[in-house]
Amino acid sequence: MSAATRITAGEWRGRGIETPRGLQIRPTRSLIRQSLFNIIGPAIEGMTVVDLYAGAGTVGFEALSRGAASATFVDRDRVSLGCIATTAERLGCGDRCRAVRSDVAAWLRRSPAGVAAADLAFVDAPYRDTELDATLELLGAHPPALVVCEHHVKRRLPERIGALERARETRHGLTTLTFLRRSTDGADAA
């Protein structure tokens, strides 16, 4: 294992997550994951989770450890997906994991029904990635029940993105978690 990234709670608390060497991948910090799952609470149990820009898959594995039914990890980097496969094998949860090698926006265009059927989509695009807006628009067109976006504090997400409405934001230093819920009014306002 290349970095000391560990699961913070649940069945695999304290177990390591395989991470790629170097600075290309920025695993979601434990403080951020703890905040995310403290907010979601026991509702994570039984959820289907999509970890977009998965990197090492820290959020997806944390969700599985806390009782999520399954996790789909989407990333374009072959090394990252290899780390996810190694972690899934070591934790014995390969039957609950699906790894997809793809550009996130392209995968969202190909899989709108699968995304809309998810309970939670976690978005952790690189902070300077210009694709984030397109990704959020695609999620807003076919929204899962909940989208949580990790982004730089200077970036402010709109109140509404398609059929997603901003429900909550939490700030942790230079990082913000924005929670977007599927709208119940049926509007598709941009």
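The structure reproduced in this document is the subject of the present report.

Glancing now at the overall build of the protein chain. Scanning the protein chain for helices and strands turns up 6 helices and 10 strands. Here the C-alpha atoms of the protein chain give a radius of gyration of 15 Å, agreeing with the 16 Å that 2.2 N^0.38 yields for 190 residues. Residues classed as buried in the protein chain amount to 52% of the 190 residues present. Charge-centre separation for the protein chain: the mean point of 26 positive side chains lies 5 Å from the mean point of 22 negative side chains.

The two faces of a sheet get side chains in turn, since along a regular strand they alternate between them. Burial along strand 6 (residues 120-123) is two-sided: Leu120 and Phe122 and Ala121 and Val123, pointing in opposite directions, are all buried. Alignment of strand 3 (residues 48-52) against strand 6, held across 4 bridges, turns out to be parallel. Across the sheet, residue Val50 finds its bridge partner in strand 6, namely Ala121. The sheet contact formed by strand 6 and strand 7 (residues 146-152) spans 4 bridges and is parallel. By the bridge assignment for strand 7, Val123 is matched with Cys149.

Take the nonpolar core next. Leu36, Ile40, Ile44, Phe61 and Leu64 are the most contacted members of the largest nonpolar core, which has 31 residues in total. For this core, the elements supplying multiple residues, two or more each, are helix 1 (30-40), helix 2 (58-65), strand 4 (70-75), helix 3 (78-91), strand 6, strand 7 and strand 10 (175-182). Dropping the residues within four chain positions of it, Phe61 is found in contact with Ile7, Trp12, Ile17, Ala56, Phe73, Ile84, Thr87, Ala88, Leu91, Cys93 and Cys97. Formed by 22 residues, the second largest nonpolar core is a distinct cluster that contains Val100, Trp107, Val115 and Cys149.

Our next topic: the environment of Pro112. With respect to the helices and strands, Pro112 occurs in helix 5 (residues 112-116). Pro112 gets classed as partly exposed once you look at its relative accessible area, which sits at 25%. With 26 residues separating them along the chain, Pro112 and Leu138 place their C-alpha atoms 8.3 Å apart.

With that out of the way, let us pick up the sheet that holds strand 6. Pairing within the open sheet is mixed, and its 8 strands lie in the order 5-4-3-6-7-10-9-8. Each end of this open sheet is capped by a strand with a single partner; those strands are strand 5 (97-101) and strand 8 (160-161). Where helix 1 meets the sheet, its contacts fall on strand 6, strand 7, strand 9 (164-172) and strand 10, and the angle it forms with strand 10 comes to roughly 30 degrees. The sheet contacts of helix 3 involve strand 4 and strand 5, and relative to strand 5 the element is tilted by about 170 degrees.

Turning to the environment of Arg90, a few remarks are in order. Mapped onto the fold, Arg90 is located in helix 3. Each C-alpha atom of the pair Arg90 and Leu108 lies 29 Å from the other, and the pair is 18 residues apart in sequence.

Positioned with a positive phi, Tyr53 is a non-glycine residue whose angle comes to about 55 degrees. With respect to the secondary-structure elements, Tyr53 resides in the loop between strand 3 and helix 2.

The next point concerns the state of the cysteines. Going through the model one piece at a time under the given rule, you end up with 0 disulfides. Not engaged in a disulfide, the cysteine Cys93 finds its nearest cysteine sulfur in Cys97; these two sulfurs lie 3.7 Å apart.

Thresholds, definitions, all that
- Residues numbered from 1 in each chain as written.
- Predicted model: local features only at pLDDT ≥ 70, side-chain atom pairs only at ≥ 80, totals over all residues.
- Heavy atoms only, no water.
- Helix = DSSP H or I, 4+ residues; strand = E, 2+ residues; numbered from the N terminus.
- Rg over C-alpha atoms; globule rule 2.2 N^0.38 Å.
- Buried < 20%, exposed > 50% of the residue type's maximum accessible area, 1.4 Å probe, protein only.
- Lys, Arg positive; Asp, Glu negative; His and termini not counted.
- Charge placed at Lys NZ, Arg CZ, Asp CG, Glu CD.
- Pairing = 2+ DSSP bridges.
- Core = buried A, V, L, I, M, F, W, Y, C linked by side-chain atoms within 4.5 Å.
- Contact = heavy atoms within 4.5 Å.
- Axes fitted to C-alpha atoms, helices over the stretch in contact; angles between N-to-C directions.
- Disulfide = S-S within 2.5 Å.

In short, shape yes, function no, at least from these values alone.
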